[in-house]
Amino acid sequence: MKEYVIETDNLTKRYKNFVSVNNLSIHIKRGSIYGFLGPNGAGKSTTMKMLLGMSKPTAGEFLIDGKRIPEERIAILKEIGSFIESPSYYPNLTGRENLEIIRKILGLKKSDVDEALEIVGLTEFGDRLVKKYSLGMKQRLGLAGALIGKPPILILDEPTNGLDPAGIHEIRNLIKRLPQMFNCTIMISSHMLSEVELLADDIGILNHGNLLFEGSLDYLRLEAGKRGYGDQNLEEMFLSMIDEDNAFRKQRAII
Ligand SMILES: Nc1ncnc2c1ncn2[C@@H]1O[C@H](COP(=O)(O)OP(=O)(O)OP(=O)(O)O)[C@@H](O)[C@H]1O
Ligand SMILES: [Mg+2]
């Protein structure tokens, strides 16, 4: 079995003359939680969309569980649960009915719907119409749609967006438990760095489509110390790293 569940090799996405993701090579270990970080517009969602076959890479390639998209696209997509930006749902159906649609497409068991509702704490609201859901409920439903059937890989793009502090805390605890609960590997993007710090085994930091750092939090602390950044917390190290890269880019007139 390969050590890395997701591995990209110089993955690149260009829109006309704008480079959104630039020669990205990331490595996500089996059973780990990988925090994918970067400021707005860094290229996180674009990368995740390429991994899910929703956007075609301009150059480079990637392997998911040792398999290559597009040749084995269907087989791979069945293994990945995803939550990309704000997922859309049928507002005139209930949460349960929306999950039922996903369940049928994936060919899962009837009980998987109840289980997914239970895991995200939506059991009580399963029979309410989605148009009557609060933002937090919709986010939870999105998460339920990602983890229904317990896929071995989860790609979650800002899953705690719009949740209240208690909800953020709860979802963080939930996500943290998932690798043990069903042996999955999780790639998660988030701007809530204090949450990621408590959650991630490894992190990747992206700025203007370029990978500035990849490794464990301990390794990041070591790097931060060497470069003379504050190493109190992830947010501080992240901001120093991004500032330094932006200053370098400005000096070189890259942007
Ligand atoms: N279809 C498109 N056409 C042109 N440019 C695009 C397209 N999609 C994304 N981009 C650009 O690619 C860059 C990366 O966008 P992306 O959505 O991946 O960023 P992100 O890291 O997910 O940011 P955020 O934190 O705001 O979600 C941005 O500059 C964006 O404007
Ligand atoms: Mg995004």
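Keep in mind it's a predicted model, so treat the numbers as computed, not measured.

Rules used throughout
Residues numbered from 1 in each chain as written. Chains lettered and ligands numbered in written order. Predicted model: local features only at pLDDT ≥ 70, side-chain atom pairs only at ≥ 80, totals over all residues. Heavy atoms only, no water. Helix = DSSP H or I, 4+ residues; strand = E, 2+ residues; numbered from the N terminus. Rg over C-alpha atoms; globule rule 2.2 N^0.38 Å. Buried < 20%, exposed > 50% of the residue type's maximum accessible area, 1.4 Å probe, protein only. Contact = heavy atoms within 4.5 Å. Areas by Shrake-Rupley, 256 points an atom, 1.4 Å probe, with all protein chains shown as cover. Lys, Arg positive; Asp, Glu negative; His and termini not counted. Charge placed at Lys NZ, Arg CZ, Asp CG, Glu CD. Near = heavy atom within 4 Å. Polar contact = N/O pair within 3.5 Å; in protein donor to acceptor, adjacent residues only side chain to side chain. 1 Å grid on protein atoms, 1.4 Å probe; cavity = no way out; pocket = protein on both sides within 12 Å on 5 of 7 lines; lining within 4 Å. Points joined across faces, edges and corners; volume = space filled by probe spheres on them. Core = buried A, V, L, I, M, F, W, Y, C linked by side-chain atoms within 4.5 Å. Arc of directions from axis to C-beta. Pairing = 2+ DSSP bridges.

A.B. asks: For this particular structure, what's the right way to read the overall build of the protein?
C.D. replies: On a plain count of helices and strands, the protein comes out with 9 helices and 11 strands. Compactness check: the protein gives a C-alpha radius of gyration of 19 Å against a globular reference of 18 Å for 255 residues, within 12% of the reference. The principal-axis extents of the C-alpha atoms in the protein amount to approximately 55 × 40 × 35 Å. Counting only residues that meet the buried cut, the protein has 47% of its 255 residues in that class. Within the protein, counting contacts between residues at least 6 apart in sequence, those at least 24 apart form 66% of the total. Total accessible area computed for the protein in this model is approximately 12,500 Å², and 50% of it derives from carbon and sulfur atoms. Mean positive and mean negative side-chain charge positions of the protein (33 and 34 charges, respectively) differ by 6 Å.

A.B. asks: Any chance you could explain the site of ligand 1 here in plain terms?
C.D. replies: Neighbouring ligand 1 are 13 residues, the closest being Gly41, Lys44, Ser45, Thr46 and His191. Residue Asn40 places a side-chain N or O atom 2.9 Å away from an oxygen atom belonging to ligand 1. Here an oxygen atom of ligand 1 and a backbone polar atom of Gly41 are 2.7 Å apart. In isolation ligand 1 offers 640 Å² of accessible surface; the protein chains occlude 63% of this area. Only β2 (18-24) and α1 (44-51) provide two or more residues apiece to the shell around ligand 1. Among the elements that line the shell around ligand 1, the one with the most residues is α1, at 3 residues.

A.B. asks: Looking at this structure, how should I read the layout of surface pockets?
C.D. replies: If a probe as big as a water molecule is rolled over the atoms, it shows which places are left empty. Approximately 800 Å³ is the volume attributed to the largest pocket. Lining the largest pocket are 27 residues, and of these Ile80, Ser82, Ile102, Leu106 and Gly145 sit closest to its centre. Mapped by element, the contributors of at least two residues to the lining of the largest pocket are α2 (73-77), β7 (80-83), α3 (95-106) and α5 (135-147). Residue contributions to the lining of the largest pocket peak at 5 residues, all from α3.

A.B. asks: Explain the side chain of Asp112 here, please?
C.D. replies: Summarising the element assignment, Asp112 is placed in helix α4 (residues 111-119). Sequence-distant contacts of Asp112, defined by excluding residues within four places in its chain, comprise Ile148 and Gly149.

A.B. asks: Would you explain the nonpolar core in this entry?
C.D. replies: Generally speaking, a soluble globular protein has its nonpolar side chains buried in company with each other. In this structure, Leu147, Leu154, Leu156 and Ile186 are the most contacted members of the largest nonpolar core, which totals 32 residues. For this core, the elements supplying multiple residues, two or more each, are α4, α5, β8 (153-157), α6 (165-182) and β9 (185-189). Among residues more than four places away in sequence, those in contact with Leu147 are Ala116, Ile119, Val120, Leu154, Leu178 and Phe182. Met48, Leu51, Ile69 and Met187 belong to the second-largest nonpolar core, a separate cluster that totals 24 residues.

A.B. asks: Explanation requested: α4 in the structure shown.
C.D. replies: In an α-helix, one turn spans 3.6 residues, which is why side chains three or four residues apart end up on the same side. For α4, the complete set of buried residues consists of Asp112, Val113, Ala116, Leu117 and Ile119. Burial along α4 is one-sided: seen end-on, the buried residues are contained in an arc of 165°. Where the residues of α4 are buried, they touch α3, α5 and α6.

A.B. asks: Explanation requested: the pairing of strand β4 (residues 33-37) in the structure shown.
C.D. replies: Where a strand is regular, its side chains alternate between the two sheet faces. Within β4, 5 of the 5 residues are buried, which leaves the element mostly enclosed by the surrounding structure. Here β4 shows a buried face lined by Ile33, Gly35 and Leu37 and a second buried face lined by Tyr34 and Phe36. Pairing analysis gives 4 bridges linking β4 to β9, with the strands arranged parallel. In the sheet register, Tyr34 faces β9, and the bridge partner there is Met187. As defined by bridge partners, β4 adjoins strand β10 (residues 202-207) across 4 bridges and the pair is classed as parallel. In the sheet register, Tyr34 faces β10, and the bridge partner there is Asp202.

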